[in-house]
Amino acid sequence: MFDYTFTFEEIQFFLLIFIRIASFIFIAPFFGMSNTPARLKVGLSFFITMILLNVVDKPDINYGDVIGYGILVVREAITGLLIGFAANVCNSIVLFFGNMADTNIGLSMASEYDPLTRTQVTVTGQLYNYLVLLLLLISNLQSYLIEAFVEAYQLIPVNGTVFRWDSLLESMLMYCVDMLVIAFRIVLPVFACIMILNCILGIMAKVAPQMNMFAVGIQLKLFVGLLSMLLVVELLPYMSDMIFTEMRRMVVSVVQGLY
């Protein structure tokens with residue numbers, strides 16, 4: 001016989017865990033995509049909550065009234081959102097790289113609306129974003145994110161979040177610097193090839209001014225840019241490893257700013 005009885009305190013504790021996990025699932029990479037069914041997100045959050053219900057330490061939850069409990073719910077939701085955002089924001093590295101690459105090869109105007117991120121993205125950024133998500137699944141990084149989020153309960157228990165805004169601000173500033181460095185390292189082969197091509201076109205414009213180098217350069221930049229990306233496509237696992245390393249660092253840094 002199964003015992004289905006539960007107390008009011010257990011329901012309150014269950015809701016606090018569920019709110020933090022659901023907030024993380026709805027914004028985390030791969031899980032938080034708009035084409036992921038909402039029922040799947042809710043079901044996964046409920047399943048993880050049921051597992052953690054008897055595993056997570058149960059502290060004393062003290063609140064005066066409904067408003068006090070509502071503040072606890074909002075605090076847990078913000079905690080889950082910040083941890084999920086720390087992992088999800090690293091996808092902007094790929095989109096930033098695609099924007100720089102398309103600007104150099106002449107595809108910056110060929111942008112499209114991405115229903116997953118609900119933003120305008122370039123063609124190259126969209127292509128590499130899907131490739132990075134595919135490598136995320138192959139490397140089982142989604143399991144690492146869930147494990148890291150669950151282990152964060154040891155440092156940030158229920159009703160134990162302390163927002164250190166100075167540490168969170170420093171983490172975001174460091175991410176902005178790392179985003180520029182990583183994106184430029186990824187786009188460097190394309191940038192170097194286009195720079196060499198621009199030098200050649202500049203010399204040819206002086207040698208043969210009667211030629212329309214603007215019309216010729218459009219096709220050459222597109223051809224050289226796509227060829228350079230084709231030649232360095234085998235370096236995609238190393239590019240993804242830099243992004244995944246930054247994703248892990250951001251999750252750890254944000255967690256450190258919450259206790």
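Data block above holds the structure.
The present account deals with the structure reproduced in this document. (Residues numbered from 1 in each chain as written. Predicted model: local features only at pLDDT ≥ 70, side-chain atom pairs only at ≥ 80, totals over all residues. Heavy atoms only, no water.)

As a further point, take the overall build of the protein. Regarding its fold elements, the protein presents nine helices and two strands. Overall, the protein shows an N-to-C arrangement of helices and strands of α-α-α-α-β-β-α-α-α-α-α. In terms of principal-axis extent, the alpha carbons of the protein reach across some 85 × 40 × 30 Å. Within the protein, the fraction of its 259 residues that count as buried is 40%. Relative to all contacts within the protein whose residues are 6 or more apart in sequence, the contacts with residues 24 or more apart total 82%. Total accessible area computed for the protein in this model is approximately 14,600 Å², and 70% of it derives from carbon and sulfur atoms. Separation of charge centres in the protein, based on 12 positive and 18 negative side chains, amounts to 9 Å. (Helix = DSSP H or I, 4+ residues; strand = E, 2+ residues; numbered from the N terminus. Buried < 20%, exposed > 50% of the residue type's maximum accessible area, 1.4 Å probe, protein only. Contact = heavy atoms within 4.5 Å. Areas by Shrake-Rupley, 256 points an atom, 1.4 Å probe, with all protein chains shown as cover. Lys, Arg positive; Asp, Glu negative; His and termini not counted. Charge placed at Lys NZ, Arg CZ, Asp CG, Glu CD.)

This brings us to the packing of aromatic side chains. By the definition in use, this model includes seven aromatic pairs. Taken together, a centroid distance of 6.2 Å and an interplanar angle of 15° make the contact between phenylalanine 14 and phenylalanine 18 stacked. A residue pair is termed a helical-turn pair when its members lie 3 or 4 positions apart in one helix, as phenylalanine 14 and phenylalanine 18 do in helix H1 (residues 8-25) at four residues. On the basis of relative accessible area, phenylalanine 14 is assigned to the buried category, the value being 15%. Among the aromatic residues, those joined into a ring-pair cluster are Phe14, Phe18 and Phe46. (Phe/Tyr/Trp six-rings, centres within 6.5 Å; stacked < 30°, edge-to-face > 60°.)

Next up on the list: the pattern of salt bridges. A complete count under the given rule lists three salt bridges for this structure. Notably, a salt bridge pairs glutamate 76 with arginine 20, separated by 2.7 Å at the nearest N-O pair. Residue glutamate 76 is located in helix H3 (residues 66-88), and its partner arginine 20 is located in helix H1; the two are separated by 56 residues in the primary sequence. Given the relative accessible area of 1%, glutamate 76 is considered buried. Notably, a salt bridge pairs aspartate 178 with arginine 249, separated by 3.4 Å at the nearest N-O pair. You can see aspartate 178 sitting in helix H7 (residues 165-207) and its partner arginine 249 sitting in helix H9 (residues 236-256), a full 71 residues away along the chain. Residue class for arginine 249 comes out partly exposed when judged on its relative accessible area of 28%. (Salt bridge = Lys/Arg side-chain N within 4 Å of Asp/Glu carboxyl O.)

So, about the environment of phenylalanine 14. For the pair phenylalanine 14 and leucine 53, spaced 39 residues apart in sequence, the C-alpha separation works out to 6.6 Å. Not counting residues up to four positions away in its chain, the partners in contact with phenylalanine 14 are Phe46, Thr49, Met50 and Leu53.

Bringing the side chain of aspartate 102 into the picture now. Positionally, aspartate 102 belongs in helix H4 (residues 91-105). Although aspartate 102 is buried, it forms no salt bridge, and the closest oppositely charged side chain is lysine 221 at an N-O distance of 13 Å. Contacts of aspartate 102, omitting those with residues within four sequence positions, involve Leu107, Ser108, Thr122, Val123, Thr124 and Gly125.

This part covers the environment of glutamine 142. Within the secondary structure, glutamine 142 sits in helix H6 (residues 141-155). The spacing of glutamine 142 and asparagine 129 is 13 residues in sequence and 15 Å in space, taken between C-alpha atoms. Those residues in contact with glutamine 142 that lie beyond four places of it in its chain are Phe31, Leu136 and Leu137.

Turning next to the state of the cysteines. Per the stated rule, a full pass over the model turns up zero disulfides. The cysteine cysteine 90 is free of any disulfide, with cysteine 176 supplying the nearest cysteine sulfur at 11 Å. Looking at cysteine 90, the relative accessible area reads 0%, which means it is buried. The thiol of cysteine 193 is unpaired, and the distance to the nearest cysteine sulfur, on cysteine 199, comes to 12 Å. Judged by its relative accessible area of 30%, cysteine 193 falls in the partly exposed class. (Disulfide = S-S within 2.5 Å.)

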